[in-house]
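Residues per chain are reported as follows:
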Amino acid sequence: MSQFDEVKTVWMNGELVPWTKASIHVSSHALHYGSGVFEGIRCYETDRGPAVFRVEEHIDRLFASAQVYRIHIPYTKSEVGAAICQTIEANNFTSCYVRPIVFFGSGTLGLDPRKCPVEVSVLAWPWPAFLGDEAMSAGVRITISPWRKFHSRMMPTTAKACGQYLNSILAVRDAAGRGFDEALLLDVDGGVAEGSGENLFLVRDGVLYTNGEEQSILLGITRDAVMTIARDLGLPVRTRALALEDLMSADEAFFTGTAAEVTPIREVDGVALGSPGWFTRSIQKTFMEATAGRLPRYRRWLHYVDDCTFAGAYSAVPCI
Ligand code: PMP
C-alpha cells in the first residue's frame, strides 16, 4: 500500500494527466543532480470546502527558489495557483498535501542545465499527521544530528531546492536508525539550525523564541503563521540565534512545518523536556482551528479550492 494509492490525476506541464502517465525520462537533469525547486503545501477541510493554506506565500517562495537557481518557470503565479486548485479538485480530495515541483528535464547531463527544458508538475495526495497522531498530542523524541545544516554561503538555505534535501535525508536516516522520531541539525558554528523539514521554537519564561535566516534555516511559512498566532495570543516573540543550551533549558519546545504543522518536542537525546506545555498546546490548537477555517481572523490565510482565480496583481514575475 503506497501513500499515493488514492491519487488519480497529476498536473504536468499544463495539463491534467492520469497518475500512470505522470512519468519523466531517466536522463532528466534533476534526477541526476537534484536541479529543481519545490513546495510543500497543505489543503485543509473546512465548512466551505477544501482550502489551501497560504498558497500565495508558497507560490512566492517557489518562484523565489527558482530565481536563485535561475530556473525560468514558464507559467505565471496565477497559473500555478490554478494548477494547484485543479489538481486537488480533479482528485476529489477534501484535505491533502500538495507538491508543486519545477525541474530541469532531459536535454544534457552536463552540469549547466541551460539546454534542458523546465518541467512543472503538481502532485497532491492525502497525508495526515506527518509524524503521527501521537506525535501531535504527546510530542516527539528527537536527536541532535551528527550532520550539520549546510551554511547559507554554501547553498541558499532560504530556497527550497531538491538537491539540498540530501542533507536532511542523511539526518533523518541517522535519527530513525538510532530510534528517534526526528533529527535536529546544528549549524556549522554549533548553534541550532532546524529540523530535517521543520523550524524550531522554544518557550522560556513566558517568551517564545525562534531563530532566523543567519542560522541557515528555511524561512518557514508555518513559522511565520505561528509567530503571528503567538503575538495575537499575547505572547512575546523574539527572533535570535539559538544555542543548544537554550533548547536544553527550555520550558517547552516544538517544531513547525507544513507537513509537521505544530509538533511538540518531548525529549532531546533521552533528556525529557516534559509533556507539551500550555503555550505549545494553545498555539497548536489555534493553528489547527485557523487551518480548518474556524477563526475569521485568519481566513485570509485560506484559499478555497473552488476559486481557481488569483488576484490580477498576482501575475508573472520574470526570472532569469
Ligand atoms: N525547514 C525545512 C528544511 C523544511 O523543509 C521545511 C518544510 N518546508 C520547513 C523548515 C518549514 O517550512 P514551512 O513551514 O514553510 O513548511
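The shown structure was predicted, so the numbers you read here are calculated from the model rather than taken from an experiment.

Colleague: In this structure, what is going on with the overall build of the protein chain? I would like to understand it.
Modeller: Counting its secondary structure elements, the protein chain contains 8 helices and 17 strands. Across its three principal axes, the protein chain shows a C-alpha extent of roughly 50 × 45 × 40 Å. Per-residue burial over the protein chain gives 53% buried out of 320 residues. As displayed, the protein chain has an accessible area near 14300 Å², and 54% of this comes from carbon and sulfur atoms.

Colleague: What exactly am I supposed to notice about the pattern of salt bridges here?
Modeller: Charged atoms that come close allow side chains of opposite charge to pair. Counted by the stated rule, this structure contains 12 salt bridges. In this structure, Arg-61 and Glu-39 form a salt bridge, with 2.8 Å as the shortest nitrogen-oxygen distance. Placement of the pair is Arg-61 in helix 2 (residues 55-68) and Glu-39 in the loop between strand 3 (36-38) and strand 4 (41-44), with a sequence separation of 22 residues. Take Arg-61 and Glu-39: they sit in the same class, and that class is buried. Lys-285 serves as the salt-bridge partner of Glu-289, at 3.6 Å between the closest nitrogen and oxygen. Of this pair, Glu-289 and Lys-285 both sit in helix 8 (residues 278-291), 4 residues apart, roughly one helical turn. One network of salt bridges, with partners in common, ties together Arg-54, Glu-57 and Asp-224.

Colleague: Could you clarify how one ought to interpret the confidence of the model for the protein chain in this entry?
Modeller: Any residue range with low pLDDT should be treated as having predicted coordinates unsuitable for detailed reading. Residues of the protein chain with pLDDT of at least 70 account for 97%, and the chain-wide mean is 95. Note on residues 316-320: pLDDT under 50 across the span, and 11 contacts to partners over four residues away in sequence or across chains.

Colleague: What is the right way to look at the site of the ligand in this model?
Modeller: Taken together, 15 residues form the shell around the ligand, and within it Tyr-165, Glu-194, Ile-221, Thr-222 and Thr-258 come nearest. Measuring from a nitrogen atom of the ligand, one finds a side-chain N or O atom of Lys-160 at 2.8 Å. A distance of 2.5 Å separates an oxygen atom of the ligand from a polar atom in the side chain of Thr-222. Alone, the ligand offers 380 Å² of accessible surface; in the complex the protein occludes 95% of this.

Colleague: Sorry, what's going on with the packing of aromatic side chains here?
Modeller: The description of an aromatic ring pair rests on the distance of the ring centres and on the angle between the ring planes. Summed over all chains, the structure comprises 13 aromatic pairs. Aromatic side chains Tyr-44 and Phe-53 sit 6.3 Å apart centroid to centroid with 85 degrees between the ring planes, which places their arrangement in the edge-to-face category. Note on Tyr-44: relative accessible area 10%, which makes it buried. You can call Phe-53 buried: its relative accessible area is 5%. Taken together, the aromatic side chains of Phe-4, Trp-19, Tyr-97, Trp-125 and Trp-127 make up a single cluster linked through ring pairs. Positioned above the aromatic ring of Tyr-304, the side-chain terminus of Arg-48 is 3.9 Å from the ring centre. Lying over the aromatic face of Phe-150, Lys-149 brings its terminal NZ or CZ to 4.9 Å of the ring centre.

Reading guide: rules and limits
Residues numbered from 1 in each chain as written. Predicted model: local features only at pLDDT ≥ 70, side-chain atom pairs only at ≥ 80, totals over all residues. Heavy atoms only, no water. Helix = DSSP H or I, 4+ residues; strand = E, 2+ residues; numbered from the N terminus. Buried < 20%, exposed > 50% of the residue type's maximum accessible area, 1.4 Å probe, protein only. Areas by Shrake-Rupley, 256 points an atom, 1.4 Å probe, with all protein chains shown as cover. Salt bridge = Lys/Arg side-chain N within 4 Å of Asp/Glu carboxyl O. pLDDT = per-residue confidence, 0-100. Contact = heavy atoms within 4.5 Å. Near = heavy atom within 4 Å. Polar contact = N/O pair within 3.5 Å; in protein donor to acceptor, adjacent residues only side chain to side chain. Phe/Tyr/Trp six-rings, centres within 6.5 Å; stacked < 30°, edge-to-face > 60°. Lys NZ or Arg CZ within 6 Å of the ring centre and 35° of its normal.

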